[in-house]
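Summary of the model geometry
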Amino acid sequence: MTDTQTPAREPQAGHAEPALTPPVDVIEDAGGITLRADLPGVPRDRLCLEVEGDTLTIEGEIAIEPPEGMDPTHVEVDRARFHRAFSLSKELDTAQVKAELVHGVLTLRIPKAAHAQPRRVAVRVD
Amino acid sequence: MGQDATLPIHGEMTMLYRTLYSRNVFAELDRLARDMQQALDLTPAIRGRGPGAFPALNVGTTPRSVEVYGFAPGIDPATLDVQIEKGVLTVAGERRAEAPPSDGKATTHARERFDGRFRRVVNLPDDINPEAVQARYRDGLLHISVPRREPAKPHRVTIQ
């Protein structure tokens, strides 16, 4: 799985503003890949996961309703949207992706297709 | 660089030193990023700030309150320590990395997420009421609302 710098398709209208890149952990084991992404402030209904071709796209919007007339005095997060795309390799089964969003952390489990799972090859000694 | 005769000699030495002794390109990039940040931000706060600090903080003020937003995903809210002492708000806690599967066959391809202990500090204005602070944690976002004692309304002074 590799980061794709160029978006797979044109950004949608209204989504043209720059986005934050969420930090991720990617761990692969024999059965598949586990990806965790930090998406603080993104509720479930503002999270959009998409697999198109071999590109996995994570999009999320931060839902903050600041009180009226708030004057921002110190800003470290200056965008309201997360975006990151990854290209997936062939052996991953994109139809079986499981996603979970808890406390602003997205956990994706992408299993390897059955034929791509490692199989022990018995070595015969004649 | 060496062809530029007007370059100060110590600058040239620095370049030489870095070229000869920089073994780790990532440490070098990191240093470059810090150098650039210092060049751009001439008066950094003494407690440090900027990208990389966890949790990232946004602070805003209204006439009635100070609103602090901490972007702290993946934390058990019960372990978050939020304190106000002498007009300084402290947010502290720990985020532990999930243990990899124990079979030893897992490969880590990326490890960008923060783990470990953290502490961040915000100076609050003088007119806050520390008794009535509210803190909420939702979707990995910590929202602390600190009311101010009285709205800082301008009041007209009558001239006698």
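Preceding block: the structure.
These lines cover the structure that appears in this document, whether it is placed above or below. Treat the numbers as computed from the prediction; the structure is a model and nothing was measured. (Residues numbered from 1 in each chain as written. Chains lettered and ligands numbered in written order. Predicted model: local features only at pLDDT ≥ 70, side-chain atom pairs only at ≥ 80, totals over all residues. Heavy atoms only, no water.)

**Examining the overall build of chain A**
Tallying secondary structure elements over chain A gives zero helices and nine strands in all. Starting at the N terminus, the α and β elements of chain A follow one another as β-β-β-β-β-β-β-β-β. Taking as baseline every contact in chain A between residues at least 6 positions apart, the subset at least 24 positions apart corresponds to 59%. Entry remark: accessible area of chain A is about 7,600 Å², with carbon and sulfur atoms responsible for 49%. (Helix = DSSP H or I, 4+ residues; strand = E, 2+ residues; numbered from the N terminus. Contact = heavy atoms within 4.5 Å. Areas by Shrake-Rupley, 256 points an atom, 1.4 Å probe, with all protein chains shown as cover.)

**As for the interface of chain B and chain A**
Opposite the 35 residues of chain B that make contact, chain A presents 36 residues. Overall, the association of chain B and chain A removes approximately 2,900 Å² of surface from exposure, summing both partners, and the carbon and sulfur fraction of that is 55%. Among the residues of chain B in contact with chain A, Glu112, Arg113 and Asp139 of chain B are the three that bury the most area, contributing 21% of the side total. Between chain B and chain A we count six salt bridges in total. A salt bridge links arginine 120 of chain B to glutamate 76 of chain A, with the shortest nitrogen-to-oxygen separation between them at 2.7 Å. At the surface where chain B touches chain A, the tally comes to 19 residue pairs in polar contact (both at pLDDT 80 or more). Mapped by element, the contributors of at least two residues to the side of chain B that touches chain A are β1 (56–61), β2 (65–71) and β5 (107–111) of chain B. Tallying contributions element by element places β1 of chain B first for the side of chain B that touches chain A, with six residues. Taken together, the residues of the side of chain B that touches chain A break down into 15 nonpolar, 10 polar and 10 charged. (Buried area = accessible area lost by both parts, 1.4 Å probe. Salt bridge = Lys/Arg side-chain N within 4 Å of Asp/Glu carboxyl O. Polar contact = N/O pair within 3.5 Å; in protein donor to acceptor, adjacent residues only side chain to side chain. Nonpolar A, V, L, I, M, F, W, Y, C, P; charged D, E, K, R; others polar.)

**Looking at the pairing of strand β3 (residues 81–85) of chain B**
Across five bridges, the pairing between β3 of chain B and strand β4 (residues 88–95) of chain B is antiparallel. In the sheet register, isoleucine 84 of chain B faces β4 of chain B, and the bridge partner there is leucine 89 of chain B. (Pairing = 2+ DSSP bridges.)

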